[in-house]
Every structure is written in C-alpha cells, then in structure tokens.
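Examining the three-dimensional arrangement
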There are 6 protein chains.
Amino acid sequence: MEKEFLENSILCVKALVKEWSGNKQLSIESIRPVTDLDGQNIRDFIASAPQDSQSMYKILHSYIGQIKDQDIYQITSTIVEKYQDKILYYPAAQKNHHAIHGGWLYHIVTMLGLGEKIVEVYPFLNRDLLYGGIILHDIAKLDEMDANELGIVKDYTVEGHLLGHLVQGVKLVDKIAESIGADPEKSLLLQHMIASHHYKGEWGSPKTPMIPEAEVLHYIDMIDAAMYDMHKALSTTKEGSFSEKVWTLGRKVYRSSQ
Amino acid sequence: MEKEFLENSILCVKALVKEWSGNKQLSIESIRPVTDLDGQNIRDFIASAPQDSQSMYKILHSYIGQIKDQDIYQITSTIVEKYQDKILYYPAAQKNHHAIHGGWLYHIVTMLGLGEKIVEVYPFLNRDLLYGGIILHDIAKLDEMDANELGIVKDYTVEGHLLGHLVQGVKLVDKIAESIGADPEKSLLLQHMIASHHYKGEWGSPKTPMIPEAEVLHYIDMIDAAMYDMHKALSTTKEGSFSEKVWTLGRKVYRSSQ
Amino acid sequence: MEKEFLENSILCVKALVKEWSGNKQLSIESIRPVTDLDGQNIRDFIASAPQDSQSMYKILHSYIGQIKDQDIYQITSTIVEKYQDKILYYPAAQKNHHAIHGGWLYHIVTMLGLGEKIVEVYPFLNRDLLYGGIILHDIAKLDEMDANELGIVKDYTVEGHLLGHLVQGVKLVDKIAESIGADPEKSLLLQHMIASHHYKGEWGSPKTPMIPEAEVLHYIDMIDAAMYDMHKALSTTKEGSFSEKVWTLGRKVYRSSQ
Amino acid sequence: MEKEFLENSILCVKALVKEWSGNKQLSIESIRPVTDLDGQNIRDFIASAPQDSQSMYKILHSYIGQIKDQDIYQITSTIVEKYQDKILYYPAAQKNHHAIHGGWLYHIVTMLGLGEKIVEVYPFLNRDLLYGGIILHDIAKLDEMDANELGIVKDYTVEGHLLGHLVQGVKLVDKIAESIGADPEKSLLLQHMIASHHYKGEWGSPKTPMIPEAEVLHYIDMIDAAMYDMHKALSTTKEGSFSEKVWTLGRKVYRSSQ
Amino acid sequence: MEKEFLENSILCVKALVKEWSGNKQLSIESIRPVTDLDGQNIRDFIASAPQDSQSMYKILHSYIGQIKDQDIYQITSTIVEKYQDKILYYPAAQKNHHAIHGGWLYHIVTMLGLGEKIVEVYPFLNRDLLYGGIILHDIAKLDEMDANELGIVKDYTVEGHLLGHLVQGVKLVDKIAESIGADPEKSLLLQHMIASHHYKGEWGSPKTPMIPEAEVLHYIDMIDAAMYDMHKALSTTKEGSFSEKVWTLGRKVYRSSQ
Amino acid sequence: MEKEFLENSILCVKALVKEWSGNKQLSIESIRPVTDLDGQNIRDFIASAPQDSQSMYKILHSYIGQIKDQDIYQITSTIVEKYQDKILYYPAAQKNHHAIHGGWLYHIVTMLGLGEKIVEVYPFLNRDLLYGGIILHDIAKLDEMDANELGIVKDYTVEGHLLGHLVQGVKLVDKIAESIGADPEKSLLLQHMIASHHYKGEWGSPKTPMIPEAEVLHYIDMIDAAMYDMHKALSTTKEGSFSEKVWTLGRKVYRSSQ
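Note that the structure is predicted; figures quoted are calculated from it, not measured.

Quick look at the overall build of chain A now. From N to C terminus, chain A includes ten helices and six strands. For the C-alpha atoms alone, the extent of chain A along its principal axes is close to 70 × 45 × 35 Å. Across the 258 residues of chain A, 53% fall into the buried class. Counting contacts in chain A only where the partners sit at least 6 residues apart, residues at least 24 apart contribute 54% of the total. Once the 26 positive and 35 negative side-chain charges of chain A are each reduced to a mean point, those two points are 7 Å apart.

Okay, structure coming up:
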C-alpha cells in the first residue's frame, strides 16, 4: 500500500479507529487524493488571516495612496507592485507570529493602522516615512523564505540564510530607489528603518534606530506581534485561568474572568 | 559678601563681565533676591511641559470619566484625587525623560492618547483596564521622589529607595481597592500592570506582562519616553546632521534634511 | 475497568508482572482505595522534612519569642499566627529545594539557626530585624502556591503568577503592620528585606539589599538552599565519585572518599 | 592676535616658555603657516603605516592578480579601482587599531599575508573567495568615515552612521557584481563574508559565518587588530613590565624580559 | 540469551531484518566476539585522525627540535616524553571537535602548522614561546579525561572535574620547569598561555592573554576547532545546500555550488 | 625648593593657609621628614584592622590547632608558617574590601569565626576541610600583590598579573602537599576550594564549587566582604539617611533611625 501523494494536497481516507494495548490506531482501508467532486477546499484546512487577502491588499494600497512625498511613494509602490503576487499569500514567519496564509499582509495592514494612530499623537513624525517604513520593513521576508501558495514555508532561501531579510531589504530599496532616481536621503532613511527595526545587535539589527520614525516602527512591530500571539493564546484559554506557555512570548498569559 | 539665599529662588545680580587669562569672569557688584516689584516669574526659568497643568488635568479627568467599569473607575479616581496636588507639578523623573515641571502629568496624558488609539486597532483589549493601568503605572513616582513645587527633584524618599515606585504602586492600589470594596481580580490586574510595566527583571520588573493590556502599557511607556527624548534632541539639532549622544537613549539621533 | 480515584490517595493494587517484547508490564487484577483496615499512612509515601512539624513550629516560636523590638515582634507573630495551619505542611517550592512536606518550615528554622550564629560574628547587625526578615521573607509562598496537606503543590495561584511571593509578601507585611499600628520604618525595613532577598533584578528582586540585614538574609537563603540540594545529592552518591548533574545547582557534586 | 589657520596645516610658532604658579605656559611672539621655504613635510607629523602606500598598493594588486575565479576577480578589481585614491591614505578607524595614514591598506595587506598562509594549512578553503573577502570586508569603511588626505577622520558620514560599513559593503558588492554580470552565488558569498565578519549580533554582524572562508576571515581580522595594538603598546613598554591599560584591548600587556 | 560482552570490542552478529508495525527490527540468531580468524580490525570501526599517529608524532618532534630557547625546549620535550603513550591515541575532547582517535595530536600538529605561518607574518612574535604554548596548552587534557586506547573517553577524571585542564596544565609546567631548573619567567609565560587560552572568564580562563603569543594561541585554537567542525559538516552536505545545525558551532554551514 | 622625600614616610610641614581667587592654598614655609624627636608613629596615619595583628595571629593558630585531619593540618600549618611575616601586615586588596594594614588576617580570622558557626548548623560539613579552605583561599594574595609593611599595595606582581591568586594558590598547595607527602585527594579538595571560591567563570573562577565546603567558603567570603564594606559605609552615615554610593557594592546603603 505504498503510494506517493503530493505534499500539501488533501487526501480522502477511509479508516477504522481501533484500539491496541490502550492506544488508538487508524486502520486504513482506502486512501486517495480528493477530486473536484469531493467539493473540498484546501483553504478550509489552512490557518489564514481573519481578513480576505484582496480586501487587505486594497487597504495596503489606500495607505500607499496617502503618501504625499513622491520619492517615498514611488519607492514603496514600485516594490509592492513587484511583489504583488507573494503579498497575497505569504505568511510573516515560518513558525512565529503570523505564520498563516496571508499573515505577512495582515501584519503590515494592522501595523499601518497603528502607525496612522500614533502619528496623530506625535505630529512631528513624518507620516510618509513611517508608512513607507512599515510597508517595507519586512518586504524581504518574501525573498528570505520559500513559501508555497498555501502560505506554508518550506525553508529559508540560500540568500535568506546568508544575509537575512534586514540586509536583503536594504539592498532592495537601494536598487529600486536608484533605478527610479529617488532622492538619496529618502532612500537612505527607509534603508535605515529596515536595518534598525530589530533594534539591537543581539536581536539582529546592525544599527539602532536614530530617527523617531525608526524607533516607532520597532515598537509598532513588537506590539503587533505580541497582540497576535496573546490574542491567539487567549482564544483557547478559559476565563480565570492561564494558557500554556506561549513559545514566542516565553511565558503564560492570563485570561481574566471579566 | 557672604549671604545665604533660598534654594530655588530667583536672584537679581548686577555684575561686570571681565576677562582674565582668556576666560570670562563675572565680577559681582550687587546681589539680592527678586521682589514683587521686579515682576519676574519663577516659571519662566523652569523647564515645563508644553501644556498647561490645569488643561492636562482636565484631559486626565475626561479619560477617567470614560472608564465604565465601576471598580476600575473607583480605584483610579480615588487615587488621582488623593494625589491631585502633586499631579499638577511633579516631573516624571529626576534626570531622564519628562524631568520637567508637570512632566508626570504630560507623560500620562500623552500615553492615554496613545492608549485610546491602540484600543481602536485591537478591540479585544479592555479599554477600562488599559486607561486605569496607564494612569496608575507611575503613580507612586509621586511618593518615590521628593520634588518641590517647581518640579525639581531633591532626592528619592527613603521608601522610594528601599522599595521603588513599582512596589509602592502595587501597595497603594491594593489598599485603596480594599478600602472601597473593589473586585479583587480587577485590583489584582491593575497591580500586575504596575508591577510588570518595566517588562523584565533586569529592567526592574518582578514579573513580565501576562495580560495584553500590561504588554501594551509597557510599549506605550517606551514609545512616549523615546518620542519625548528624540523630539527634544532634534529640536536643537541642525537639519542633515546628528545630535550629540543622548544619554537616556545611548545614541545620537539624526535630523533629516527634509 | 475505568474507575476514578482521588488524587493524592493511596491505592491497593493486586497485579501480575509480565514481560512483553522485553518490557515489563503490570497486569492489574484488582485496584481499590486503601481503608483503615489496611493500616497504611500517607506520610510513609511522601517525602518529608527530617524534623517533625510540631517540633519545628516550637523552634520557630522560640525565635519569635527572642525578638525584643515590640513592632517587629507584633508584625511577625501576627503573621505567623495567621498562617499557622499552612506553615505545618507547606513545601518551600514546587520543584526546587525543600519541595517536601514541611519544607517551608524546615527551611525557615534552619535559616534562623544560621542567622543566630552570624549575628554573633557581626554584633552590629540588628538581631530582631534579621529574625523577622528570615521568618517573613518567604511567607507569601504560602499564598503564591496552592498546595494540599501532603505538601504537594498543585499549581501557582493567580495572584502568585501575577505578582509573585516577593511583592505579595511586601503587601502582607504592609497591611498587617498598619493594622497593628507598628512603626512605619520597621515595617518598611522588613518589606525591603522581602523585596530584595533575590538580590538582583535578573534573579527576581526589584531592589538590591541596602541594609546589612537584607544582605545577610540573601546569603543565608542561598547557603541553606545549596546545602539542602548538595546534601540530598551526596546522600545517593558513592564515595569518591560524582553525582548526576543536580538540576537546581546546574552541576554535579563530588562525594570525597574520606 | 586672532587669526584663523587651516585645520591640519603646520604652523611655525615663535614663543617663550614661562612658568606661572607652577604651570608652564607658552607665551607666543609670532605665529604663521609654514611656507615651502621652511622645508617641513606634513607626513613627519602624522602617524603612518610602516610601509609606503605605493608599495602596499602593489602588494594588494599582486594578490588580486592571483585570483583565478573570473567573477571574484572582476568584482574585486573593479571595486579596488573605484576606490584607488582613498585606499592610498585612509586609516582603518577613527580611534581604534590602524588609525593611521595608510592604515586601511596596511591592515588589508597584512591580512592577505595571513590568509595566504592559512590556506596552505587548510587546502579545502577557497583561496579566491578568501582573498576577495579580505580585500572587500572593510571596503565600505572608505565610505563610512570622512577622512582627509592625512588619514585623519573628521567624522562618520550620514550613511556610515545610519547603515554602517557592513551593510554599505554588502550593497556595494551587490551593485558592482550585478553591473558586471557576475555569478550571483559568488557575489552572495562575498556579501555574506562582509556581513558576518563581526561574527555575532552583539558585535555588529547581522549574520554569523556559515562558510569556512567567512569564519577564517573573522579570525584573521581579530588577529591582525590585536597584533597591531599589542605591538604598538609593547614598543613603548620596558622589558619585564606591563603597559598601561590598552583601551582597545581592555587590558594591560606584558613585555617579557627576554 | 543474556551474555556479557566486553565494552569496546567487536561483535559478530547473525540476524534477520524483520518489519513489525512499520518499524524494522533485528531478529538476532547468534552473537559472539570476533576472533583473529575473522580478520577484523577495531581501527576500521573507530573514527581516527586522517594522518597516522606515528607520522604526526614525528612532525611534533620536528617542531620541538626547532625550539632554540633551551628552557622552553627542555620544558616542552620533557613533558611530551612523559606523555608519549597517551599522545598517540588520545582524542582532544569527549564530544566536541577532534573527538577521534589521535585527535589530540592531530589538533596540535595542525596548530603548529598555523603557528609557523603566522610567525612569518608577525616576526616580533617569539617563535619558541608560541611553539611551546601550542604544544602544552591542552597537554593536561590527557589527565583531565580518562580515555582508552581506542581514543574513546569514558569520563572525566576526578582532578579533571575539580580543576580542569587549564589549571592542571599550569601545575604540570610549573613542576616540570622547577624540577629541571628552567628560567622562572619562561615557565611563567608558558603557564600564562595555558591559563589564558580560553580568553575570557565566561569561556573558562581565569586570565585574559597579556602577551601577543597567548593572544595568537587563542585564535589558532579557535580557527583549528572551527575548521575541523566545518570541514566535517560540509563533507556530508550536498553542493548548494546547508548542513544540519552543527552542535559545536551552534549554526548550519553552507556548501557552495562551486 | 625641590627635595625628594621617601615614599610612605611622614613629613613635618610648616605652612600658611592663604586664599587666592576663592580657593584656599597652602603656602609652605618649611618641610622636613619627622625625626624620633617628633614622637610621631606611622601607624597613626594608616588605616588598620580593628584588632591587633599578634592577637589575630594567635586566633588563626588556635583554628589551625583544631584541625584534626593530619594531612590538612600539615598543609595548612606549613603554608601559614612560610608566610608568617606577610600575614601580619598584608591588606586583603589594593582598593576593595579590607584594603587596610592587617586586612588579610582580619578577613581570614572573621571568616573562620563564620565557618565555625556554620558547621554547627550543617554537621555533615567537613570542619577540617572548611578551616583549611578558608585559611588558604586567599593565601596567594600575599604573592599576587606587592605590599609594603604599612599594608599599602604598590602594584600587582608579574605572576599576580599573569596567573592571579586563584591559580597561584592552587600551585602553592599542590607543591607543599606533595613535599610533605600529604594525601593527594585532600590536597586536591583544598585546591578545588581555592580555584572555585569566586564561584563563576565571569567572576574569575575556572571551576564552580562541587563540594559543599567549597560552596560555603564562597558565601562566607561574600558575606564578610559585604559586611566589612557596609559597616564601614554606615559608620559615616547619619541615622535615617543613605550613604554615598559604595563603589565595591555598586549601591548606597541605608542607616536606619533605630
């Protein structure tokens, strides 16, 4: 009964649950790939972002449309266009936060929402730069990881391993900005935001934020990752009790009884 | 010509600037405390928050008024009332960020603005708890430091040295909550937010945030401290150049030429 | 044959040892809770302190009786009385040193013995304060953990998780001291000793010891925990050889051949 | 007598040494820039590499000439040509090791000598890659710092501050390699060597070496920096005694009496 | 069928491979120690250094023969003679790099090759001291570990556990040097090289290198350990892909497709 | 008026205090070394241990006399005899705790008092080993530092710099023990206690304590150093206030108002 099936496909299995020595076993009678007639949708078996990719993509574009600085607008929109396919299904990580179909886009769009609010509180922040930085800070994750259209990461790419998405992102912005003749300082500021968004050397950044937009970008990133993980953990925790230890947070979280 | 003058008072000095061996010297002819006739205001000589304390205090109260949970409302409003005098002039620190007249209140009010926005992005957050946590997280700084009405910290209090404002704040909330018969869990959650707002043991917190409102509180605090310090440093930096190293940030900041 | 038995009860099992595929198996014929007729004592199945709880409790009281300062005496004796039931059976930890029936009391009593000796060497130490600090430093472990009368910890309490026994202990002393009208500074010094007994932020203390009694308390605690763990490990190690790695110590210990 | 003189120029001063209150003072009678007639050479006043820049440059080229891989040869030689002016006078640092006229070139040439030897011991190392990596690992220091022709660094450039020579170097190799149509993997390996040559995040590298040539590059760099600093410190230390603490090494060095 | 066989002996097993529940099993029919008639050599089953021990030992002696300083020569040759048996088969570690038959000698001989080259680049280094330091830096591993003639470490010795090979090596050199009346400073310098070759306290050295020969010794040791581990990992990795994570390096290594 | 005076001698100075530009100045009229006629004693100008050296030396000997194990007794008494001169005046440090005339002996004698008490609490401890370890743990400080008979350290010795008193102490015990034919394991245990008394690599110990006597030795050392520093700081602090920051402790200490 040795057959080979496609990775990431749905199988239809007919089997009997038996018990042997206290353990349940599956005694398989037949196994075959689903056909169109089965009416199954792979999406139903895949963890996905709570919002539809197309809707989120529209939101992303509406934020790009608000960027008034022509250099930042051109750099950002050119790069987003270049990656428009992957943006619709890539996760934001292989295992950590937002490791779901459409997770990359969901993370970015939520961060843009946060950024929009924070600029209202600190009007001296450069809104265009912050939007550009948010959209581009993880753009090279789309090159760092090799994911299929289900949003499942098979592995890191060779360049992803050897350079990482921070350095890859800097190179990408640098080249695109040069190719469209953008103002060098604006390109540099975006590159700095990408390079510094992990904040410290020991957390992966070769430089610490030196402009307020880069500082804010880091914290927006941290907040959204933590909120994602905490919300997910709490959704399977009973009121008045603690979750299991959440691996990405390194601790348990508490769901209050209110 | 040895007289003693009051600390933190304004003096009127009549003097001649001379030069000796390349250094300028002040040759004092007369020196006396100012009188009402001089028409000087001590506030003009003191770094103060950009907003008027009374206006900020009204904003603080409007946020308290939005807290719907009666336990959290009672705990927060009772404590704020108890500290209403100090709230109007205390700085948030002896030397670091917001070390200015009214700095404590300015920090809290700005953080409330941030919290209000962030709850809009993550509606599963408990708004009442977040507001309460923001208002109370540094409340015991008013007991930890001994400041005069000019907002200048003379020293830490004995209890401030021996326990610190995190532990002092927990004790305060615990006692007030008990005295007004508040729900124990709500009191506990506020205490946890105070105890964990420095995030890690090595940064001073005996516990790490275990509820999302505590996690967000930490980052709001970090963002507002950094924005304050960066904005202040950039305001005296020329376009296209770097500031001096900012002591609280441990780095220089860059003012772009845009 | 699915029955439910009480957790932490003794069962009488009649079974046959069989071997299948090289592994021994227990083939159960009958299983039932023990009855009085069986004459079994749960204590025989539970790791316990080497001394009887009642005897240790008397020793504890004799040390309390030596406290001459009325404020410290009142605070300490009031709290000990409040916890007198738990004191008789609580362990000092869920897994680490002194995780045995009566372990909390055994740890405290041994530490008091150490403290008594050390004061003789450094007579400038305040004996009353040191005794009070030793007795109260871990008092809130009785609230932090949820243990049954066998001295087995089921879990940490919600407040234990969210605040921890250092902060809980400070609150407890603060309230009791206030309720009996004790001198505020003496209460504060005891609170400082509780808060600082883990010594550093990264080890869990929000403050470092600032009085010599707090410094000594920390080291007495370290010595007794290490002696307990080393003695336990060596008792099952052959002369002239090393123990297995002791988890709490992070190393092996050597039993000399003398 | 207020005149302005050019920074980094030689002045001819006529003065009298006087003593006032125990301190020696220089009483200047006349001061003027040197003219050609004075026959002074700025080089005599500037710390310089022990070898002549032109000779070192020839050695550099002889190593480039040994690179057999055409992609690595093209990338390396194109970049060296582009920076040929600065290479002749740049220091390797503002303050640390090799902070001298020609220091950058001296550091690289010595490292090449080391690399040549080490490949003989480990023949599985790719010699071409190692030579390319050595030559390019610090190439962007020529862009990171703003130095004059005396080899004195005035400041870091804006891009130097915001990205640093590791990221700048990766970008440079990436662009040059692409422009000359070099094999992408060879370009990537050189970029990885640049990015990882500080070894760890906390030492400034976004990636740790993952190929043996990158690993060796790091240690060659460390050896040459340490040998430079130790040799310099020992040259002013008496036999049988210790130097002052060397800032870059964080310790004293000992000159044996042999 | 319970027999006891000698540890580290070769067994001749006759068995049938069966499959049960998807797992392969070995069904043993007969098992016995090999006899001379079987013509098996234990060496074929043991990982060994790529060079023959006798040849490597000759190389070691040729380096000793190059030491001109009589004190260093005497100390080194006396100690090597004393350990000549173990030197031929000891590994350099129980589990890490060079944990193979003859691994200790292979590590030393390769390091001597490196040292020889590096002295050519930095002629101010004392060649005799460096050779002596390389040969003796790990000499006490032969006392620290208890290995059999197959180069397999059974355990650490008691003294190895309680002092470690750095301190043991210092004591050894000290005593031998004294017994042969060697110059005290030369003995001391060799002891310092042994004590400092792990570089930092947290890496196991009670002192940091304070002479350039000790500094270089550390890096030679690091390079050879890394080259051994990387070369070994790459030899089982396909071109253009990454190895599994190498435990001793804490990362994957990449084998380029060239 | 340039004369040279002996270091560490007393001078008799006749001078006038003048004031110039607000600063007080000493206008020296005559200066000369004291003579016997002046009746001054250098000891009055030197910080010394609170006990007389001869008395402390007797106490030390009484502890040695209590060591029943003949090997440990012989090793300890032989070494103490060898260093009997220095023991009477050496400080325990150049700058830190017990940096006073007789400080080494004062530290040891107080630690012995502590050790005596602690063995009473933990009778499984080997008293002989603990006494031996306490007496010998810092014995090589007498070789590590170069102090004069006033107890003032001029510098570290060359061997002190290159090996440190932990390694020097191990060598010393090893040689003396061998010379008197002591039991090797007892010698080894004493060496382990010396080597591990700084507890961790980053605090200077190449090995962590693996016997309970070594563990206790470390804590006795820490307690006595802290008590010395705290007591000294508190003796110049007013009741109810904090000391200046104590350099060796890294914090202020509080003197309670009791």
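Mapping chain F onto chain C calls for a screw motion: a turn of 180 degrees about the axis and a shift of 0.0 Å along it, with 0.2 Å RMSD after fitting. On this basis, the relationship between the two copies can be described by a two-fold rotation axis. Across chain F, the rotation axis passes nearest the C-alpha of Lys117 of chain F, at a separation of 2.8 Å. When you check the interface residues of chain F against chain C, 100% turn up at the interface there too, and the contact is symmetric in its surfaces.

On to the arrangement of the chains, then. Chain B shows no contact with chain E. Their nearest C-alpha atoms sit 19 Å apart. No part of chain A reaches chain F; the closest C-alpha pair between them is 19 Å apart.

Right, let's get into the packing of helix α10 (residues 212-234) of chain D against helix α10 (residues 212-234) of chain E. Look at α10 of chain D against α10 of chain E: their axes get within 10 Å of each other, and the N-to-C directions meet at 180 degrees. In terms of orientation, α10 of chain D and α10 of chain E fall into the roughly antiparallel class. Along its contact with α10 of chain D, which presents Pro212, Glu215, Val216, Tyr219, Met222, Ile223, Ala226, Met227, Met230 and Leu234 of chain D, the element α10 of chain E presents Pro212, Glu215, Val216, Tyr219, Met222, Ile223, Ala226, Met227, Met230 and Leu234 of chain E.

Once that is clear, we can look at a negative patch on the surface. A cluster of like negative charges, contributed by Glu202 of chain A, Glu202 of chain B, Glu202 of chain C, Glu202 of chain D, Glu202 of chain E together with Glu202 of chain F, occupies part of the molecular surface. The residue Glu202 of chain C is located in the loop between α9 (184-196) and α10 (212-234) in this model. Here Glu202 of chain C falls in the exposed class, since its relative accessible area comes to 55%.

Ranked by size, the top nonpolar core spans 446 residues in total, and within it Leu60 of chain A, Leu60 of chain B, Leu60 of chain C, Leu60 of chain D, Leu60 of chain E together with Leu60 of chain F carry the most contacts. In this view, Leu60 of chain E contacts Val80, Ile87, Leu105, Ile108, Val109, Leu112 and Ile135 of chain E; residues no more than four positions away in its chain are not counted.

Next up on the list: the confidence of the model for chain A. Residues with a pLDDT of 70 or more make up 97% of chain A, whose mean pLDDT is 92. The ipTM for the predicted assembly is 0.90, set against a pTM of 0.92.

What follows concerns the interface of chain B and chain A. Taken together, the contacts link 41 residues of chain B with 41 residues of chain A. Our count for the contact surface shared by chain B and chain A stands at four salt bridges. With a closest N to O distance of 2.9 Å, Arg251 of chain A and Glu215 of chain B form a salt bridge. Counting across the interface, chain B meets chain A through 16 residue pairs in polar contact (both at pLDDT 80 or more). Contributions of two or more residues to the side of chain B that touches chain A are made by α4 (103-121), α9 (184-196) and α10 (212-234) of chain B. For the side of chain B that touches chain A, the element with the highest residue contribution is α10 of chain B, accounting for twelve residues.

To continue, consider the UniProt feature "domain: HD" (unreviewed entry) in chain A. Within the UniProt annotation, "domain: HD" (unreviewed entry) is assigned to residues 105-225 of chain A. The span residues 105-225 of chain A carries 66% helix and 6% strand; its end-to-end C-alpha distance comes to 13 Å.

Glancing now at the packing of helix α5 (residues 127-137) of chain B against α10 of chain B. All names here are of chain B. Contact pair α5 / α10: the axes reach a minimum separation of 10 Å and the direction vectors enclose 45 degrees. As judged from the angle between their axes, α5 and α10 are oblique. Handedness of the α5/α10 crossing: right-handed. For the pair α5 and α10, the contacting residues are Leu129, Leu130, Gly133, Ile134 and His137 in the first and Glu213, Val216, Leu217, Ile220 and Asp221 in the second.

Turning to the environment of Lys175 of chain F, a few remarks are in order. Tracing the backbone shows Lys175 of chain F in helix α8 (residues 164-179). Taking the relative accessible area as the measure of exposure, Lys175 of chain F reaches 26% and is therefore partly exposed. Considering only alpha carbons, one finds Lys175 of chain F and Ile75 of chain F, 100 residues apart in sequence, at a separation of 9.7 Å. The residues contacting Lys175 of chain F, other than those within four sequence positions of it, are Asp174, Lys175 and Glu178 of chain E. Within the structure, Lys175 of chain F has its side chain in polar contact with the side chain of Glu178 of chain E (distance 2.5 Å).

Right, let's talk about unusual backbone geometry for a bit. All names here are of chain B. Even without a glycine there, the phi angle at Tyr199 is positive, about 80 degrees. Structurally, the position occupied by Tyr199 is in the loop between α9 and α10. We classify Tyr199 as buried; its relative accessible area is 11%.

With that settled, consider the environment of Leu16 of chain B. Residues and elements named next belong to chain B. Note on placement: Leu16 falls in strand β1 (residues 11-20). Residue class for Leu16 comes out partly exposed when judged on its relative accessible area of 44%. A sequence separation of 62 residues divides Leu16 from Thr78, and the C-alpha atoms of the two residues are 54 Å apart. What Leu16 contacts, discounting residues up to four positions off in sequence, is Gln25, Leu26, Ser27 and Glu29.

Domain boundaries in chain A define domain 1 (2-38) and domain 2 (42-242). Here domain 1 of chain A and domain 2 of chain A have C-alpha centroids that lie 39 Å from each other.

Cut-offs applied
- Residues numbered from 1 in each chain as written.
- Chains lettered and ligands numbered in written order.
- Predicted model: local features only at pLDDT ≥ 70, side-chain atom pairs only at ≥ 80, totals over all residues.
- Heavy atoms only, no water.
- Helix = DSSP H or I, 4+ residues; strand = E, 2+ residues; numbered from the N terminus.
- Buried < 20%, exposed > 50% of the residue type's maximum accessible area, 1.4 Å probe, protein only.
- Contact = heavy atoms within 4.5 Å.
- Lys, Arg positive; Asp, Glu negative; His and termini not counted.
- Charge placed at Lys NZ, Arg CZ, Asp CG, Glu CD.
- Least-squares fit on C-alpha atoms with pLDDT ≥ 70 in both.
- Axes fitted to C-alpha atoms, helices over the stretch in contact; angles between N-to-C directions.
- Parallel < 35°, antiparallel > 145°, perpendicular 65-115°, else oblique.
- Patch = residues over 30% accessible without salt bridge, like charges linked within 9 Å, V, L, I, M, F, W, Y side chains within 5 Å.
- Areas by Shrake-Rupley, 256 points an atom, 1.4 Å probe, with all protein chains shown as cover.
- Salt bridge = Lys/Arg side-chain N within 4 Å of Asp/Glu carboxyl O.
- Core = buried A, V, L, I, M, F, W, Y, C linked by side-chain atoms within 4.5 Å.
- pLDDT = per-residue confidence, 0-100.
- Polar contact = N/O pair within 3.5 Å; in protein donor to acceptor, adjacent residues only side chain to side chain.
- UniProt positions renumbered as here; feature names shortened; annotations may be inferred.
- Left-handed = near helix turned anticlockwise from the far one by under 90°.
- Domains from an automatic or database assignment.

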